[in-house]
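Here is what each chain is made of, one letter per residue.
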Amino acid sequence: MRARTITVMIAMGLLTACVPTRQDYDTYVTLLQGSSRARNEAIKDCANGFDANARRIFGLLTDASDKNAPRVACSRFVNAVISGRATYDDIVDIKRHRPSPKLIKILQGR
């Protein structure tokens, strides 16, 4: 129960408008790397935050149906975070609405 609470708190910090600290990010990555359940929860929580417009945009970006786009985008992003391909600086750029070409490639599955 405590691990779920921590997972939700960290995920909410990463997915909301506030920029997480580097320590929060590193803690989140460590949690995701060591727990498939935490990965699944992170993907699920991320995908639930998409409105209709975001579904359409991410559908185009991921080449998935609008219905599946949130899950596909979140899964690709979480996997990139776990592998180290997406960095803390990428998270900061996302929060500042400055997506990089690297992030676009990640979401496209390249």
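Everything below is about the structure printed above this text.
All values reported here derive from a predicted model rather than from experimental measurement.

Each value, and the rule that gives it
- Residues numbered from 1 in each chain as written.
- Predicted model: local features only at pLDDT ≥ 70, side-chain atom pairs only at ≥ 80, totals over all residues.
- Heavy atoms only, no water.
- Helix = DSSP H or I, 4+ residues; strand = E, 2+ residues; numbered from the N terminus.
- Expected span 1.5 Å × (residues − 1).
- Buried < 20%, exposed > 50% of the residue type's maximum accessible area, 1.4 Å probe, protein only.
- Contact = heavy atoms within 4.5 Å.
- Salt bridge = Lys/Arg side-chain N within 4 Å of Asp/Glu carboxyl O.
- Axes fitted to C-alpha atoms, helices over the stretch in contact; angles between N-to-C directions.
- Parallel < 35°, antiparallel > 145°, perpendicular 65-115°, else oblique.
- Nonpolar A, V, L, I, M, F, W, Y, C, P; charged D, E, K, R; others polar.
- Phe/Tyr/Trp six-rings, centres within 6.5 Å; stacked < 30°, edge-to-face > 60°.

Q: Give me helix α5 (residues 69-83): which residues, what numbers.
A: The terminal C-alpha atoms of α5 lie 21 Å apart, and with 15 residues this matches the ideal 21 Å at 1.5 Å per residue to within 8%. All buried positions along α5 are accounted for by A69, P70, V72, A73, C74, F77, V78, A80, V81 and I82. Elements in contact with the buried residues of α5: α2 (22-34), α3 (36-47), α4 (52-62), α6 (88-95) and α7 (101-108).

Q: Break down the pattern of salt bridges for me, citing the residues and quoting the values.
A: Side chains that differ in charge, positive against negative, can pair when their charged atoms come close. Tallying each qualifying case throughout the model produces three salt bridges. Its salt-bridge partner being R22, residue D89 comes within 3.6 Å of it at the nearest N-O pair. Placement of D89 in helix α6 and of R22 in helix α2 is noted, with a sequence separation of 67 residues between them. Accessibility expressed as a relative area gives 46% for D89, which makes it partly exposed. Relative accessible area serves as the criterion here: at 45%, R22 is assigned to the partly exposed category.

Q: If you had to explain the packing of α2 against α5 to someone new, which residues and values would you point to?
A: One way to put it is that α2 packs onto α5 with a least axis distance of 9 Å and a crossing angle of 100°. Taken as axis vectors, α2 and α5 run roughly perpendicular relative to one another. On α5, the residues touching Y25, V29, L32 and Q33 of α2 are V78, V81 and I82. In terms of residue class, the contact of α2 with α5 is built from six nonpolar, one polar and no charged.

Q: Summarise the packing of aromatic side chains; cite the residues concerned and give the values.
A: Aromatic ring pairs: the centre-centre distance and the angle between the two ring planes describe each pair. Throughout the structure, instances matching the rule amount to two aromatic pairs. Ring geometry for F50 against F58: centres 5.0 Å apart, planes inclined by 75°, an arrangement best described as edge-to-face.

Everything listed here is a matter of geometry and, on its own, says nothing about what the molecule does.
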